[in-house]
Amino acid sequence: MGGMGRPGTGGGAEASEEAVGGERRGQVKRAVPEAGGGAEADAAVRWIEGASDGPLLLCVGGLHGNEPAGVRALEEVAGRLAGQSGKMAGDFVAAVGNIAALEAGRRFLAYDLNRVWTRSRLAARRGRSAPEDRETARLARLLKQVQERRRGPVYVLDIHTTSSGGGAFTTTAGLPANRRFAQVIPVPLVLGLGKHVEGTLITHLDQFGWTTAVFECGQHEEAAARARAAAAVWLAVRAAGLLREEDVPEAARGFLTLQADGRGLPPVMEMTHRHAVTESDAYQSRPGLRNFQPVRAGDIVGNDRRGDVAAPVDGRLLMPLYQEQGEDGFFVVEVKEGEGGGAPRVAGAAVETARAMVEAAGGVVETAEAVAGPRKTD
Ligand SMILES: [Zn+2]
C-alpha cells in the first residue's frame, strides 16, 4: 500500500509492521516489482503479521483504476491495524489492484483486470506486455505467497465502487461460507453475478478453497464510499477472527454505520439479467438511475446507436453504466424468495450488542455520509 497514503493517515504505528516498500506519502505511485520479486518487495502490498497463528485476511482495493475508495480505506485500516499486530492472531494483507490504471484514473488501460481470471484468458495473456499483464503477474505472485505463508484459513474481501449512485451491496459465489462472510456486512447480498460475468478475481480464488466476498461500497467519487469500505474491512477483520471483539470496536461501529445506510432493502437478491455492451454500441444510461431502483419490463433505461434500450424484466436495476469503459450496461436483480435473512448480526453478535459496545466506547452511530462529511472524496 506504500505510496497510497496521505500524510497523517498512517498513525505512528508502522514500526511493528513488516516493512513493505518505503514510500508512504503523496499521490498514487507506480510500483512495478522486479521480475521474480515476491509480494514483500511489492510496494503496493502491506503485509501485517499478527503475533500468533491464525487466519489470513487479504483485502484488495482498486482492481479497477477509477475506484480509489477501497485503496484509501485499506491504507487507513492497515495503518491502525499495524499498531494492533501484537494482539492479532493471523495476518492482514492489503493489496492494490491495478496500480497503473489508478495512476491514470481509468478503469483499465489495456484490459479489465477483474475479467481476466479464467484459465483460457490467463493463458492467452501469457508472455505479453500490456500494463495489465504486469499487474496480473504481480497479483498472481501475491496469491501464491498468501497460499504459502498463510497460518490458517484465508478470507478475501475485494472492494469496488460503481459508476452509479444508490445502495452499496456485496456479491459472492453462492457457497454457504462465502455467504456467511459476505453477510457480516449489513447491505444486500447479490447472488448470481458469476452466471453473468466471467473472469472475476474472486471466481478464480474458488480453486484455493478460500472464503471470498466482493463489496461494492458506493459511487466512485462519493466520499462516503471510503467510509463504507473501511467499515466493511473492520467487519471482515472481526469475522475472520484476527482480533477479539473487545479489540475491534470499529467492527461494531462499522456495522451500525452500514446498516443505517442500507435500511429498507431486501437482504438477498439474485441477478436475473445483464445487458452486455461493447464500445461500438455507444451505450448511455438514462440520467439519474440508481442502484436498486425498481424497474418494470419495458421501461427505457438507456440508449445506444440503435435507439432506446429497455429493461427486459421486472426487478431492480443494478450498476447502470455512467462511464466510458466497461462491458456491462446494466443489471437487473430481483428479491430472492425465502431469503428473509433473519435478524442482522455483527460477526456473531446481535445488533443490540453492537450498539452497546459502541456506546460503551463513547462513540455514536453515524451514517457513512455523516462520517465522510460533505467534501468530495480525495
Ligand atoms: Zn470495480
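Rules and cut-offs
Residues numbered from 1 in each chain as written. Predicted model: local features only at pLDDT ≥ 70, side-chain atom pairs only at ≥ 80, totals over all residues. Helix = DSSP H or I, 4+ residues; strand = E, 2+ residues; numbered from the N terminus. Expected span 1.5 Å × (residues − 1). Buried ≥ 20, exposed ≤ 12 C-beta atoms within 10 Å, placed from the backbone. Axes fitted to C-alpha atoms, helices over the stretch in contact; angles between N-to-C directions. Parallel < 35°, antiparallel > 145°, perpendicular 65-115°, else oblique. Left-handed = near helix turned anticlockwise from the far one by under 90°. Contact = placed C-beta atoms within 7 Å. Pairing = 2+ DSSP bridges. Core = buried A, V, L, I, M, F, W, Y, C linked by C-beta atoms within 7 Å. Domains from an automatic or database assignment.

A. Main features of helix 9 (residues 249–262). Over its 14 residues, helix 9 runs 20 Å from end to end, which matches the ideal 20 Å to within 8%, given 1.5 Å per residue. Among all positions in helix 9, only Glu250, Ala251, Ala252, Arg253, Gly254, Phe255, Leu256, Thr257, Leu258, Gln259, Asp261 and Gly262 are buried. Positive backbone phi, approximately 95 degrees, marks Gly264, located one or two places after helix 9.

B. Here's a closer look at the packing of helix 1 (residues 69–82) against helix 8 (residues 223–240). The geometry of helix 1 relative to helix 8 is characterised by a closest axis approach of 8 Å and an angle of 50 degrees between their N-to-C directions. In terms of axis orientation, helix 1 runs oblique to helix 8. The hand of the helix 1/helix 8 crossing is right-handed. Between helix 1 and helix 8, the contacting residues are Ala69, Gly70, Arg72, Ala73, Leu74, Glu76 and Val77 on the first element and Ala225, Arg226, Ala229, Ala230, Val233 and Trp234 on the second.

C. Highlighting the sheet that holds strand 9 (residues 284–285). If you walk across this open sheet you meet the three strands as 9-11-12, and the pairing is antiparallel. Each of the sheet's edge strands pairs with one partner strand only, and the pair in question is strand 9 and strand 12 (307–310).

D. Structural context of the nonpolar core. One finds Ala232, Val233, Ala236 and Val237 to be the most contacted residues of the largest nonpolar core, which totals 101 residues. It is helix 8 that provides the largest number of residues to this core, a total of 14 residues. Looking at this core, you find at least three residues from each of domain 1 (14–266 + 341–372) and domain 2 (271–335). Excluding anything up to four places from it in sequence, Val237 contacts Leu57, Phe92, Leu242, Leu243, Val248 and Ala251.

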